[in-house]
Amino acid sequence: MAGGAMVKAEEVHKSFGRLEVLRGINLEVQPKEVMCVIGPSGSGKSTFLRCINHLEKIDAGRLYVDGELVGYQQRGNKLYELPDREVCRKRSEIGMVFQRFNLFPHMTALQNVAEAPLHVKGESRAAAEARARKLLERVGLADKVDVYPNQLSGGQQQRVAIARALAMQPKLMLFDEPTSALDPELVGEVLDAMRGLAEDGMTMIVVTHEMGFAREVGDTLVFMDGGVIVESGTPREVLANPRHERTKLFLSKVL
Amino acid sequence: MTEIASGPSSSRAGGRPEAIKAVPVRHYWRWVSGVIVLLIAFAAVDTVATAPQMHWQYVWQYLFGALILDGITLTLELTVAAMVIGIVLGVVLAVMRLSPNPVTSTISWFYIWFFRGTPVLVQIFFWFNLAIILPYLGVGIPFTHIGVSASTNKLITPVMAAILGLGLNEAAYMAEIVRAGIISVEHGQTEAAQALGMTRLQVTRRIVLPQAMRVILPPTGNETISMLKTTSLAFVASVPELFTRADQIASSTFEVVELLFVASIWYLFLTSILTAGQYYLERYFARGAQRELPPTPLQRFRRLLFTWHAAPPLPPDVMPSLGEHR
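Let us look at the structure shown here. Note that this is a predicted model, so its numbers are computed, not measured.

A word on the interface of chain A and chain B. At the interface, 30 residues of chain A touch 27 residues of chain B. Interface area for chain A against chain B, summed over the two sides, is near 2500 Å², with a carbon-plus-sulfur share of 52%. Of all residues in chain A, the largest losses of buried area upon contact with chain B belong to His-106, Tyr-148 and Asn-150 of chain A, amounting jointly to 24% of the total for that side. The interface formed by chain A and chain B includes two salt bridges. Residue Glu-191 of chain B pairs with Arg-50 of chain A through a salt bridge whose shortest N-O separation is 2.5 Å. At the junction of chain A and chain B, the tally comes to six residue pairs in polar contact (both at pLDDT 80 or more). For the side of chain A that touches chain B, the secondary structure elements donating two or more residues are α2 (84–91), β8 (94–97), α3 (109–119), α4 (125–138) and α5 (154–166) of chain A. A total of four residues in the side of chain A that touches chain B trace back to one element, the largest contributor, which is α3 of chain A. Of the residues contributing to the side of chain A that touches chain B, the split by class is 14 nonpolar, nine polar and seven charged.

Right, let's get into the packing of aromatic side chains. Residues and elements named next belong to chain B. Going through the model one piece at a time under the given rule, you end up with 14 aromatic pairs over all chains. Consider the rings of Trp-109 and Trp-113, whose centres lie 6.3 Å apart with planes at 5 degrees: the pair is stacked. Placement of the pair is Trp-109 and Trp-113 together in helix α6 (residues 102–117), with a separation of four residues, close to one helical turn. On the numbers, 5.3 Å between centres and 40 degrees between planes, the contact of Phe-110 with Trp-113 is tilted. Here Phe-110 pairs with Trp-113, and both are found in helix α6, just three residues apart, close to one helical turn. With relative accessibility at 49%, the residue Phe-110 sits in the partly exposed group. Through pairs of rings, three or more aromatic residues link up here, namely Trp-56, Trp-60 and Phe-261.

Residues and elements named next belong to chain A. One open sheet accounts for six strands, arranged β8-β9-β10-β3-β11-β12; its pairing is mixed. Two strands close off the open sheet at either side, each with one partner strand: β8 and β12 (228–233). Ignoring strand direction, the axes of neighbouring strands in this sheet form an average angle of 20 degrees. Pairing geometry for strand β3 (residues 34–38) and strand β11 (residues 220–225), over four bridges, is parallel. Across the sheet, Met-35 pairs through a bridge with Thr-220, a residue of β11. Its contacts with the sheet place α5 against β8 and β9 (172–176), and it is angled at close to 170 degrees to β8.

Now for the packing of helix α5 (residues 66–97) of chain B against helix α10 (residues 158–184) of chain B. All names here are of chain B. Remark: α5 packs on α10, axes separated minimally by 5 Å, with the N-to-C direction vectors making an angle of 40 degrees. Classified by the interaxial angle, the pair formed by α5 and α10 is oblique. Helix-helix and strand crossings are classified by hand; for α5 and α10 the assignment is right-handed. Its residues assigned to classes, the contact of α5 with α10 shows 22 nonpolar, three polar and four charged.

Turning next to the pairing of β11 of chain A. A regular strand carries its side chains on alternate faces of the sheet. All names here are of chain A. Burial analysis of β11 places five of its six residues in the buried class, which makes it a mostly covered element. Bridge count between β11 and β12: five bridges; the pairing is antiparallel. Residue pairing in the sheet places Met-224 in a bridge with Ile-229 of β12. Remark: two residues form the turn of the hairpin made by β11 and β12, two consecutive strands paired antiparallel; Gly-226 in that turn has positive phi of roughly 60 degrees.

Reading the values: rules and limits
- Residues numbered from 1 in each chain as written.
- Chains lettered and ligands numbered in written order.
- Predicted model: local features only at pLDDT ≥ 70, side-chain atom pairs only at ≥ 80, totals over all residues.
- Heavy atoms only, no water.
- Contact = heavy atoms within 4.5 Å.
- Buried area = accessible area lost by both parts, 1.4 Å probe.
- Salt bridge = Lys/Arg side-chain N within 4 Å of Asp/Glu carboxyl O.
- Polar contact = N/O pair within 3.5 Å; in protein donor to acceptor, adjacent residues only side chain to side chain.
- Helix = DSSP H or I, 4+ residues; strand = E, 2+ residues; numbered from the N terminus.
- Nonpolar A, V, L, I, M, F, W, Y, C, P; charged D, E, K, R; others polar.
- Phe/Tyr/Trp six-rings, centres within 6.5 Å; stacked < 30°, edge-to-face > 60°.
- Buried < 20%, exposed > 50% of the residue type's maximum accessible area, 1.4 Å probe, protein only.
- Pairing = 2+ DSSP bridges.
- Axes fitted to C-alpha atoms, helices over the stretch in contact; angles between N-to-C directions.
- Parallel < 35°, antiparallel > 145°, perpendicular 65-115°, else oblique.
- Left-handed = near helix turned anticlockwise from the far one by under 90°.

Rendered as structure tokens:
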């Protein structure tokens, strides 16, 4: 099976109608590894990320998280779709941070963070809120506990979103262009929060355009284009000496 | 001379420039047309008020009469009961309609098709006359004799017939209103909730519906106001609500128009209260969607008084009081 890898993809394919978005993705992410995924828009980076927590169903190939198939169960030679309850349980072990934050606007920062522990894990209100406070403090928002999202800056909202994902104590964190919707001067505070997370040993897959972050924090860098992985390696290697023409072309535009 | 060159900073350094005092544009035609409209309105009111056969003393006499007040109680009870059925069933139907399960979504589609497609008057009348075709109602195991049953006339009283007719019909309309609200919530909200491991029902109840409320509330207030008046249809089932009572009094005293006035005054008064209630309810659900909640009429009035001479508006003192909501 998948050995000790946290995420393992084997020939993952995904189409939307006639459009083939993923055309055979193969990769492995080890526990505590930080993998950064770069590539032009439409290359399938976000779709791949969304396949990992089964927000999208893959059409072909195999995708494992922590040694277990995503969305299916294999018995003998047959695949069985997992019931909704199981899909939800597995999603609850994976944190996800979105480009557009997607905080719940009708809840305060604290309520946003405590929501899933309270209602998915069934923790007591006292325990959930105590941990939510700690997490908000950790991302530097101890004073924003009772504030609604629309009174926060983009950077603050994204840090609440990170705290919200962490509240479920995930074994894996997925970041979908977490700084792309932010004003330039707010990018740093979000990247700092992510850097702290990486230092604490969180396994992370980060789809990003922040090459500086990829170089400093990333253990591996993957360049995707046209639904395949064109090139991967350590960030320094790939960024300094790209081997493929497409990588060179892309980096020449973004660096 | 030098002040022009230094630009906006000069105004900060040299204090605020003098406030503009200009002669406002005069709108003479607004005054003229306003007077004309007032004259017409006065003439219309005067015609009715001084109509030779109009007995105003009866209007005042019956306005607080015991029969009418009883009717109002029943009208309010009918409105509340029908709206509760309508809203609860409407939410269930809307969620069913949007479900990926084809059985539930088809049931919901069929329900809405049927109850929206037949007149509510017919539906009330149908429940009222159900006993004609089904003298006994019961629940039991089909094709056996196991179960309980009771006389239809005892189960479906006139009031019950009105509540069923109005409520079940309302549910069809509420279902569409709720569905519109659910659809209006950004899909990213659902995804974020799913990514946290929430089930479909949890996502709907905890995340989507509260946000849909902002879209659902205004038309629901509209429906409630409409329902308050539609309860008058219950008179076909001889339910002694406000209109039926007015009609009964009128048919014995022949003061028909006077009692229509009595009923109308009460309907207007009650709908006015509902309108005010709707305003505050909408304001409550606007939290988190607007930075500053719109002021209540009272706050607006106070602000008007206090800012009559001062230039800058008062800082919003609205949010903290609502921010503590759990």
